[in-house]
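One letter stands for each residue in the lines below.
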Amino acid sequence: MAKKLKILIFPDPRLRKVAENVTKFDKCLENLAHDMLETMYDANGIGLAATQVDQHIRLVVMDLSEERNEPRIFVNPMYEVIKGHNMFEFEEGCLSIPGFNEVIARPDKIKLIWQNLKGETLHDTPEGMLTVCIQHEIDHLDGKLMVDYVSALKRDRIKSKLLKEFKRF
Ligand code: NI
């Protein structure tokens, strides 16, 4: 049975750790992926990176379907921006920054490479939501957050509001 994990909230310093590559494709990895999906569905999110549940390996889960029945798992995801891309603006949210949405501009054409739970390599040139979402999640694996795209003033405002709201640091 998958279990719900605790999601780290900004400005928790553990959200800044850079995640390690996954090298073992074992039951342990599979269990973590399923626990992360459970956690993501429970929180009503569309994506979650292992970093957000204090597991510092390159693992991302996602479900972009309206019916919430198309779980996707990305191990060691990477992307390259395709030449001739445009910047696409989208209002993003983040389970680690509850209550805040930010419009962020990201490249709209990428080549995405990842592995599945068996360690098989897959690739895709996604369109739409997946393009934005996977860039957001890979940022998490690199210790980068949505708030890094806004002004320092705004970031400090978000930080003090969340510190007040989640007195657990
Ligand atoms: Ni996020």
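Further up the page is the structure itself.
Bear in mind that the values here come from a model prediction, so they are computed numbers and not experimental data. (Residues numbered from 1 in each chain as written. Predicted model: local features only at pLDDT ≥ 70, side-chain atom pairs only at ≥ 80, totals over all residues. Heavy atoms only, no water.)

(A) Just the nonpolar core, in detail. Core analysis: the largest hydrophobic core is formed by 15 residues, its most contacted members being Met36, Leu48, Leu59, Val61, Ile73 and Val75. When residues of this core are traced back to their parent elements, those giving at least two are helix 1 (27-42), strand 2 (59-62) and strand 3 (72-81). It is helix 1 that provides the largest number of residues to this core, a total of six residues. The contact partners of valine 75, leaving out residues within four places of it in the chain, are Val22, Phe25, Leu29, Arg58, Leu59, Trp114, Gln115, Asn116 and Leu117. (Core = buried A, V, L, I, M, F, W, Y, C linked by side-chain atoms within 4.5 Å. Buried < 20%, exposed > 50% of the residue type's maximum accessible area, 1.4 Å probe, protein only. Helix = DSSP H or I, 4+ residues; strand = E, 2+ residues; numbered from the N terminus. Contact = heavy atoms within 4.5 Å.)

(B) Focus on the coordination of the nickel ion. All of the protein donors around the nickel ion are Cys94 (SG), His136 (NE2) and His140 (NE2); their distances to the metal are 2.1 to 2.3 Å. For the nickel ion, the donor residues sit on a single chain with the sequence spacing C-x41-H-x3-H. Residue cysteine 94 is found in the loop between strand 4 (87-92) and strand 5 (102-107), and its partner histidine 140 is found in helix 2 (residues 129-141); the two are separated by 46 residues along the sequence. For cysteine 94, a relative accessible area of 10% gives the class buried. Taking the relative accessible area as the measure of exposure, histidine 140 reaches 1% and is therefore buried. (Donors = N, O, S within 2.8 Å, 3.2 Å for Na, K, Ca; no water.)

Interpretation in functional terms is not warranted from these geometric data alone.
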